[in-house]
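Residue strings, one per chain:
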Protein chains: 2
Amino acid sequence: MASTNLTFSSRDVHRAWLATQAILPAGFRVGTTSLSFIPAEKPKPAKMNLTLVALDRPTPDFAAAFTRNAFPGAPVIIGRRRLDEATVGALVVNNKVSIACAPNGVAIAEHWCEAVAGALGLQGRQVLPNSTGVIGWRMPVEAMLAALPDAVASLGQRSLLDAASAIMTTDLYPKVRRAKVGRGSIVGFAKGAGMIEPNLATMLVFLLTDLAIPRADLRRMLLPAVDGSFNCMSIDSDTSTSDTVLLLSSGALPCPDPASFEQALAQVCQDLAEDMPRNGEGVHHVLRIRVSGAPTQALARGVGKSAVNSPLFKCAVCGNDPNVGRLACAIGKYLGPAAPDLDLRNLRIRMGGLPIFEAGSFHLDAKLEAALAAHLTQAELYASSAPIDGVFRPPIDYPPHERCVEIEIDLGVGNATATVIGADLSHEYVSENADYRS
Amino acid sequence: MASTNLTFSSRDVHRAWLATQAILPAGFRVGTTSLSFIPAEKPKPAKMNLTLVALDRPTPDFAAAFTRNAFPGAPVIIGRRRLDEATVGALVVNNKVSIACAPNGVAIAEHWCEAVAGALGLQGRQVLPNSTGVIGWRMPVEAMLAALPDAVASLGQRSLLDAASAIMTTDLYPKVRRAKVGRGSIVGFAKGAGMIEPNLATMLVFLLTDLAIPRADLRRMLLPAVDGSFNCMSIDSDTSTSDTVLLLSSGALPCPDPASFEQALAQVCQDLAEDMPRNGEGVHHVLRIRVSGAPTQALARGVGKSAVNSPLFKCAVCGNDPNVGRLACAIGKYLGPAAPDLDLRNLRIRMGGLPIFEAGSFHLDAKLEAALAAHLTQAELYASSAPIDGVFRPPIDYPPHERCVEIEIDLGVGNATATVIGADLSHEYVSENADYRS
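Bear in mind that the values here come from a model prediction, so they are computed numbers and not experimental data.

Brief notes about the pattern of salt bridges
All names here are of chain B.
Stage number 1. Taken as a whole and assessed by the stated rule, the structure comprises 42 salt bridges over all chains.
Stage number 2. Note that Arg288 and Glu274 form a salt bridge whose closest N and O atoms lie 3.0 Å from each other. Taken as a pair, Arg288 in strand S10 (residues 286-294) and Glu274 in helix H7 (residues 258-278) lie far apart in primary sequence, 14 residues in all.
Stage number 3. Under the relative-accessibility criterion, Arg288 is labelled buried at 5%.

A few points about the environment of A:Met144
Residues and elements named next belong to chain A.
Stage number 1. If you trace the backbone, Met144 turns up in helix H4 (residues 141-153).
Stage number 2. Given a relative accessible area of 0%, Met144 falls into the buried group.
Stage number 3. Note: C-alpha distance between Met144 and Val116 (28 residues apart in sequence) is 10.0 Å.
Stage number 4. Excluding its chain neighbours within four sequence positions, the residues that come into contact with Met144 are Leu35, Met48, Leu50, Asn94, Trp112 and Met139.

Section: the relation of the copies chain A and chain B
Stage number 1. The transform that puts chain A on chain B rotates by 180° and translates by 0.0 Å along the axis, for an RMSD of 0.0 Å. Such a combination of turn and shift is consistent with a two-fold rotation axis. For chain A, the minimum C-alpha distance to the rotation axis belongs to A:His427 and amounts to 2.9 Å.
Stage number 2. The overlap is high: 100% of the interface residues of chain A also sit at the interface in chain B, so the same surface is used on both sides.

Things to note about unusual backbone geometry
All names here are of chain A.
Stage number 1. The phi dihedral of Asn104 falls on the positive side, at around 55°, and the residue is not glycine.
Stage number 2. Here Asn104 is to be found in the loop between strand S4 (88-94) and helix H3 (105-120).
Stage number 3. Although it is not a glycine, Asn320 sits at a positive phi angle of roughly 55°.
Stage number 4. Here Asn320 lies in the loop between helix H9 (311-318) and helix H10 (324-338).
Stage number 5. The buried category is assigned to Asn320, whose relative accessible area is 12%.

Concerning the domain arrangement of chain A
All names here are of chain A.
Stage number 1. Examined at the domain level, chain A breaks down into domain 1 (11-278) and domain 2 (286-435).
Stage number 2. A C-alpha centroid distance of 31 Å is found between domain 1 and domain 2.
Stage number 3. Counting residues at the interface gives 25 residues for domain 1 and 25 residues for domain 2.
Stage number 4. Roughly 2,100 Å² is buried in total at the junction of domain 1 and domain 2, and carbon and sulfur atoms are behind 49% of that figure.
Stage number 5. The largest contributions to the domain 1 side of the interface with domain 2 come from Leu172, Cys232 and Arg278, which together make up 32% of the buried area.
Stage number 6. Linking domain 1 with domain 2 are four salt bridges, by the criterion used here.
Stage number 7. Among the salt bridges present, the one from Arg11 reaches Asp397, with a minimum N-O distance of 2.3 Å.
Stage number 8. Linking domain 1 to domain 2 there are 12 residue pairs in polar contact (both at pLDDT 80 or more).

What counts and what doesn't
- Residues numbered from 1 in each chain as written.
- Chains lettered and ligands numbered in written order.
- Predicted model: local features only at pLDDT ≥ 70, side-chain atom pairs only at ≥ 80, totals over all residues.
- Heavy atoms only, no water.
- Salt bridge = Lys/Arg side-chain N within 4 Å of Asp/Glu carboxyl O.
- Helix = DSSP H or I, 4+ residues; strand = E, 2+ residues; numbered from the N terminus.
- Buried < 20%, exposed > 50% of the residue type's maximum accessible area, 1.4 Å probe, protein only.
- Contact = heavy atoms within 4.5 Å.
- Least-squares fit on C-alpha atoms with pLDDT ≥ 70 in both.
- Domains from an automatic or database assignment.
- Buried area = accessible area lost by both parts, 1.4 Å probe.
- Polar contact = N/O pair within 3.5 Å; in protein donor to acceptor, adjacent residues only side chain to side chain.

The structure is reproduced here in structure tokens:
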């Protein structure tokens, strides 16, 4: 990946680098505002950000991918409908309330889209709604309507950095990635990671390009890009009710080379997919599992997902403890039921480049254990330290580097491969999701 | 379940109750000993317990169920072979090292069985080996051979309580359950829960009965009993390489009523399955999810498993936070891909007996939120409190009560049901699996 293995000496260096990524493509306007409201469910003031991205001219060229959760949020239900519309002219994002499983959610969200459209000279069906936050709470639509004029007035920023910050819930830092294609670019920004009170970590990804690519091609290109990036990533195995990836082309510039565009799209998606666990709730280590030698790609991905979703292995990694037996357990718990007849005699595992498993068993000694522990320590973002009040908080707000715990699993039976990105499991994760209660 | 909803005023009361459960059935002898050794992989003294259960006469009547993990431990590989033997005469258990994925594990474990058999006047193939502990480490067979005479000399105890303690790794308390059938009984003891250094939580369950039931009937009865109990339970979703359930009949007493025996077997398995998460790593709350109205039993179980394995929902429960949106998310993330065409309009959810979800949405207000929080608090075993050194430890060693967080999910589309038992996710879990590193 082009932009991995960066090292950031400070938050300022990271922000400066993000600014180079966050350049708004031609044909879009962006703006943000914030508002306060009192939820009906927990009568205590809450804060919400609104983010608007408007096209200079409505575009027929857009694509989307949505969560497969059986309880999709109202914005997802509406977004699916929008795929049949002739054009879209804007997207709007709110954090704090996900508008999922809430009474009359779809009708209320459509009403909101109508209001946004009215303020922008569009029709309601030309607005793509997006929400992230508590599931089951009602949308504070009156407070949102009151703040809408401010959001519209703020349109016109040249950078997406404020927007990338405004869509966050408890993400530690904004996530923006850019790839140039000829004179144009693809810029993606994303949220997904943390929570500080009853919120669900939702993934929202917005991909904007000024390059003209017809709708059918955008939709054909988006699926494999998403499949090879966000669908190969897990922070905690909880598929949100709101996960959404939107891709909008303003068509402001001709696209001389669609193949390069497709490659750049995959790159931006992969980079954002790796940013997400690095900013995941309480994450100390990002895991990169490269699976090879599999009979099918689905099986390769399943092996990687089982490894990055194993709570025991995740905890061990968090503690810089090379408890590789838990890795074998995680691989085996998936392969046992999924491929009971697979011949595993040629399976090999490497960690940090070091061979640890072959011919059906580990070959461990004190020296190898020390080398594996050093690899884990070198990939650590920070270490937990005992808090005075028992509530663990990450001591960093920007990641110091982009290193991963590197694991290679060669099943030795086929040619299919997959790379899966994941995260460890720490006290800070538990604190974010259990201790910050009201 | 007969023996749930007990309340223990103190550890002594619980131990006294356990003693009433741990009465050894006729026709068995039991003994334990311990030993020290230096692992090759981490050269630092370690302690291991050996536990022997010997039959007065070898029996043809035994049954077993084993892990489906693709990397089974040597004892599981050997145990599967033993199913074809004419009789078995003893089982032997060690903790500390699981003898899974270790070089020459099977050959070394068979050598160990030969030695145990020799000391008991049996043949190696009449011994059922069992191990739990670190995956990938070598079996300290010389130290185990040196301790074997002590283990044999200790045979003759009347209670299984010492054995139930000796097979533990970092389980907080021994788990023993008994059901009487006529003049005879079924007594089960189990381990599974915790770890204190690189160990894998392994489930080992031993069911002993003095009632004569032919081998074929035992094997027919064991599968549904395991399926409705241990296979409906999850602490952290990590299927061990060593999970084993053994059922041995000494045949000392005639069985007048096989149907009552089968019912009692299911009861003992269900009780032990609920004991296990109650003693799970750092568990504050046991979850009981009753799923009904499902089109198939597999789907009912899948819904329950998805709920108890959701890290976000588990953390919320740990914090006594009724973040029920995460429960819907967990149900939906399973049903979306598993049953995309299921009609969910009639799905209803209750928690602590209170309706919270129907007609596609939650119906929450501040009063209901408070009642749900009270239900969670009432089911809590203990609360985390800030440790001086940052390493969380459970303040209890025996559970004060047997209450559960009660959740009912009625899918409203069929007649299939399942009850799934699970646990929350706490700082103590992370500490046990990340902080206790060498």
